[in-house]
Amino acid sequence: MTTLLRAESVEARHGLLQAVRGISFQVAEGEVVALIGANGAGKTTLLRTVAGAHPLAGGVISYGGSSLAGVPAHQRVRLGIAYVPEGRRLFPELTVEENLLVAGRRARPGPWNLASVLESFPALKPLRARPASRLSGGQQQATAIARALMTNPRLLLIDEVSLGLSPKAVDDVYACMTVLRESGTTVLLVEQDLNRALSTADRVICLLEGRIVLDSKTAGVTRDEVVTAYFGFAGRQP
Ligand code: ATP
């Protein structure tokens, strides 16, 4: 499989705090990778660094074989890197359809447009004219993912997929994930829910205090091994 994203000795800081401490991993084209780890492990910082929303303090991030050094966030979007931040950040006063169309304005060529996105996310169809401020958390997350798709990404970065959502809403959002997989989109997602991460992703990367402590195909790892990596020791359940 072709490598789409490669991180080599990547470091990122918040002032003096080193949040990401020299980590290396690869994501292959078409792969769905879940990034897990306890609060403060560095997951959001890493995702933001790949998106260009946080400065790289060391190492190299390459995408499609070229370094992203010096490439600003908006150009990364044009290269096909779409980022769904924690908290979803929709335009609250715009409708679902307007939120989608705004993202589509600078879209790369590709299969996704308003019609195809609504076809793949049928739950959004009846909500087209609803302001984003009046959506439930799950509807907002689905809209945020659909909005990112409107840019025709090759690499979709999704932070905290199920945070704050009801179990039913999480089911609906993960139904979207099936669409992404079938469309061949490469996905790097942050997921607090270990069971979801293990059942959805092809591979799981676990961060602990800014370092990778586990990087494995989900098929090749047990839940206990993941839990041990998650906490740095065995015994507790997340
Ligand atoms: P969470 O699940 O809580 O979002 P995370 O794994 O995404 O955690 P990060 O949010 O990347 O972790 O945080 C990594 C480290 O950087 C933590 O120690 C955190 O306190 C610190 N940090 C994050 N954002 C900032 C910030 N804006 N200013 C200072 N320190 C920060």
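Residues numbered from 1 in each chain as written. Predicted model: local features only at pLDDT ≥ 70, side-chain atom pairs only at ≥ 80, totals over all residues. Heavy atoms only, no water.

**Quick notes on the overall build of the protein**
- The number of helices and strands found in the protein is eight helices and 10 strands.
- Its C-alpha atoms give the protein a radius of gyration of 17 Å, near enough to 18 Å, the size a compact globule of 238 residues would have.
- Projected onto its principal axes, the C-alpha coordinates of the protein cover approximately 50 × 40 × 35 Å.
- A fraction of 67% describes how many contacts in the protein between residues 6 or more apart in sequence connect residues 24 or more apart.
- For the protein, the exposed area adds up to about 10700 Å²; of that, 52% sits on carbon and sulfur atoms.
- Charge-centre separation for the protein: the mean point of 26 positive side chains lies 5 Å from the mean point of 21 negative side chains. (Helix = DSSP H or I, 4+ residues; strand = E, 2+ residues; numbered from the N terminus. Rg over C-alpha atoms; globule rule 2.2 N^0.38 Å. Contact = heavy atoms within 4.5 Å. Areas by Shrake-Rupley, 256 points an atom, 1.4 Å probe, with all protein chains shown as cover. Lys, Arg positive; Asp, Glu negative; His and termini not counted. Charge placed at Lys NZ, Arg CZ, Asp CG, Glu CD.)

**Overview of the sheet that holds strand 10 (residues 211–217)**
- In spatial order, the strands read 6-7-8-3-9-10; together these six strands make up an open sheet with mixed pairing. With partners counted over all chains shown, the strands left at the sheet margins are strand 6 (81–84) and strand 10, one partner each. Strand-to-strand twist across the sheet, computed as the mean angle between neighbouring axes with direction ignored, equals 15°.
- Where strand 6 lies against strand 7 (residues 155–158), four bridges are found, and the strand directions are parallel. Looking at strand 7, one finds that Ile81 is bridged to Leu155.
- Sheet strands in contact with helix 8 (residues 223–231) are strand 3 (32–36), strand 9 (203–208) and strand 10, and its direction is about 25° off that of strand 9. (Pairing = 2+ DSSP bridges. Axes fitted to C-alpha atoms, helices over the stretch in contact; angles between N-to-C directions.)

**What to know about the site of the ligand**
- Taken together, 13 residues lie around the ligand, and Gly40, Gly42, Lys43, Thr44 and Thr45 are the ones closest in.
- Note that an oxygen atom of the ligand is positioned 2.8 Å from one of the backbone N or O atoms of Thr44.
- Protein contact buries 60% of the 630 Å² of open area that the ligand shows by itself.
- Of all elements in the fold, only strand 2 (17–28) and helix 1 (43–51) reach the threshold of two or more residues within the shell around the ligand.
- Ranked by the residues each element gives to the shell around the ligand, the list is headed by helix 1, at three residues. (Near = heavy atom within 4 Å. Polar contact = N/O pair within 3.5 Å; in protein donor to acceptor, adjacent residues only side chain to side chain.)

**Notes on the pattern of salt bridges**
- Across all of its chains, the model carries eight salt bridges by this definition.
- Put simply, Glu119 and Lys125 hold a salt bridge, and the shortest N to O gap is 3.3 Å.
- Residue class for Glu119 comes out exposed when judged on its relative accessible area of 55%.
- Among the salt bridges present, the one from Arg196 reaches Asp171, with a minimum N-O distance of 2.4 Å. (Salt bridge = Lys/Arg side-chain N within 4 Å of Asp/Glu carboxyl O. Buried < 20%, exposed > 50% of the residue type's maximum accessible area, 1.4 Å probe, protein only.)

**A short note on the pairing of strand 1 (residues 3–14)**
- As paired elements, strand 1 and strand 2 share nine bridges and run antiparallel to each other. Across the sheet, the residue bridging to Thr3 is Ala28, located in strand 2.
- Bridge analysis of strand 1 against strand 4 (residues 58–63) gives five bridges, and the strand direction is antiparallel. Of the residues in strand 4, the one forming a bridge with Leu5 is Tyr63.

**A look at the environment of Ala169**
- Within the secondary structure, Ala169 is located in helix 6 (residues 167–182).
- The spacing of Ala169 and Gly232 is 63 residues in sequence and 31 Å in space, taken between C-alpha atoms.

**Remarks on the packing of helix 3 (residues 96–104) against helix 5 (residues 137–149)**
- Remark: helix 3 packs on helix 5, axes separated minimally by 8 Å, with the N-to-C direction vectors making an angle of 30°. Between helix 3 and helix 5, the interaxial angle falls into the category roughly parallel. Our pair here, helix 3 against helix 5, has a crossing hand that is right-handed. Of the residues in helix 5, those in contact with Val96, Asn99, Leu100 and Ala103 of helix 3 are Thr143, Ala146 and Arg147.
- A per-class count over the contact of helix 3 with helix 5 returns four nonpolar, two polar and one charged. (Parallel < 35°, antiparallel > 145°, perpendicular 65-115°, else oblique. Left-handed = near helix turned anticlockwise from the far one by under 90°. Nonpolar A, V, L, I, M, F, W, Y, C, P; charged D, E, K, R; others polar.)

**Describing the side chain of Arg203**
- Of note, Arg203 is situated in strand 9.
- At 2.2 Å, the side chain of Arg203 forms a polar contact with the backbone oxygen of Gln26.
- Within the local environment of Arg203, its side chain forms a polar contact with the side chain of Glu31, the two groups lying 2.8 Å apart.
- Filtering out sequence-adjacent residues up to four positions away, Arg203 remains in contact with Gln26, Val27, Glu31, Val32, Val33, Ala34, Asp215, Ser216, Lys217 and Thr218.

**Structural notes on the nonpolar core**
- Ranked by size, the top nonpolar core spans 52 residues in total, and within it Leu156, Ile158 and Leu189 carry the most contacts.
- Broken down by element, this core gets its largest block of residues, eight residues, from helix 6.
- Excluding its chain neighbours within four sequence positions, the residues that come into contact with Leu156 are Ala82, Val84, Ile145, Ala148, Leu149, Leu180, Thr185, Thr186, Val187 and Leu188.
- Listed in part, the 27 residues of the second largest apolar core include Leu5, Phe25, Ala41 and Ala51. (Core = buried A, V, L, I, M, F, W, Y, C linked by side-chain atoms within 4.5 Å.)

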